[in-house]
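# Observations on the three-dimensional arrangement
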Amino acid sequence: QVQLLQSGGGSVQAGGSLRLSCSAGRFVFSSNYVGWFRQAPGEAREGVATIDTAGSTIYADSVKGRFTISKDNAKNTLYLQMNSLKPEDSAMYYCAASRGLLTRVANKLNFLNYEDWGQGTQVAVSS
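The structure contained in this document is the topic of the report that follows. Treat the numbers as computed from the prediction; the structure is a model and nothing was measured.

## Details of the pattern of salt bridges
Evaluated as defined, the whole model comprises 5 salt bridges. A salt bridge links Arg-38 to Asp-89, with the nearest nitrogen and oxygen atoms 2.9 Å apart. Taken as a pair, Arg-38 in strand S4 (residues 33-39) and Asp-89 in the loop between strand S8 (77-82) and strand S9 (91-98) lie far apart in primary sequence, 51 residues in all. A relative accessible area of 5% places Arg-38 in the buried class. Here the residues in one salt-bridge network are Arg-38, Glu-46, Arg-66 and Asp-89, joined through shared partners.

## Details of the packing of aromatic side chains
Going through the model one piece at a time under the given rule, you end up with 3 aromatic pairs. Measuring from ring centre to ring centre gives 4.8 Å for Phe-37 and Tyr-114, while their planes differ by 65 degrees; the resulting arrangement is edge-to-face. Here Phe-37, found in strand S4, pairs with Tyr-114, found in the loop between S9 and strand S10 (116-117); they are 77 residues apart in sequence, far enough to count as distant. Note on Phe-37: relative accessible area 0%, which makes it buried. Judged by relative accessible area, which is 4%, Tyr-114 ranks as buried. With a centroid separation of 6.2 Å and an interplanar angle of 80 degrees, the aromatic rings of Tyr-94 and Trp-117 are classed as edge-to-face. Note that Tyr-94 is positioned in strand S9 and Trp-117 in strand S10, a separation of 23 residues in sequence. One aromatic cluster is present, formed by Phe-37, Tyr-94, Tyr-114 and Trp-117 through successive ring pairs. The ring of Tyr-94 carries Arg-45 above its face, with NZ or CZ at 4.5 Å from the centroid.

## Notes on the environment of Gly-10
The residue Gly-10 is located in strand S2 (residues 10-13) in this model. Residue class for Gly-10 comes out partly exposed when judged on its relative accessible area of 25%. A C-alpha to C-alpha distance of 5.1 Å links Gly-10 and Val-123, two positions 113 residues apart in sequence. Excluding its chain neighbours within four sequence positions, the residues that come into contact with Gly-10 are Leu-18, Gln-122, Val-123 and Ala-124.

## Focus: the pairing of S9
Most of S9 is tucked away: 7 of the 8 residues are buried. By the bridge criterion, 7 bridges tie S4 to S9 in an arrangement that is antiparallel. Paired with Gly-35 across the bridge in S9 is Ala-96. Of the pairings in the sheet, the one linking S9 to strand S11 (residues 121-126) comprises 3 bridges and is antiparallel in character. Within S11, the position partnered with Ala-91 by the bridge is Val-123.

Conventions we followed
- Residues numbered from 1 in each chain as written.
- Predicted model: local features only at pLDDT ≥ 70, side-chain atom pairs only at ≥ 80, totals over all residues.
- Heavy atoms only, no water.
- Salt bridge = Lys/Arg side-chain N within 4 Å of Asp/Glu carboxyl O.
- Helix = DSSP H or I, 4+ residues; strand = E, 2+ residues; numbered from the N terminus.
- Buried < 20%, exposed > 50% of the residue type's maximum accessible area, 1.4 Å probe, protein only.
- Phe/Tyr/Trp six-rings, centres within 6.5 Å; stacked < 30°, edge-to-face > 60°.
- Lys NZ or Arg CZ within 6 Å of the ring centre and 35° of its normal.
- Contact = heavy atoms within 4.5 Å.
- Pairing = 2+ DSSP bridges.

So, in structure tokens, the structure goes:
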């Protein structure tokens, strides 16, 4: 199993920013397809952003232009920079890694494609 440890999150006002971090063992983020997901109470888990081994990214329409996914392979860390936050961004956020490269998967933001998960961190955005 791949162990993922998250940090960051918190409470901010609408329009503010937060950065989430996710750390793992050596080579995890350089060798695996990884992403960020979120789930609000009573809602289905949804994909936010993914990044592949070459650095190619995919974003949910709801966060395009506001969120940025990135990784530092040398530091074994994955990031999600969240700007211009909205109340509807409030959720529990999770990082996750897939054991496949998802090259033929139609919806790479589908959480069912990911096997290893961080513990989650809460993001609350007030209006």
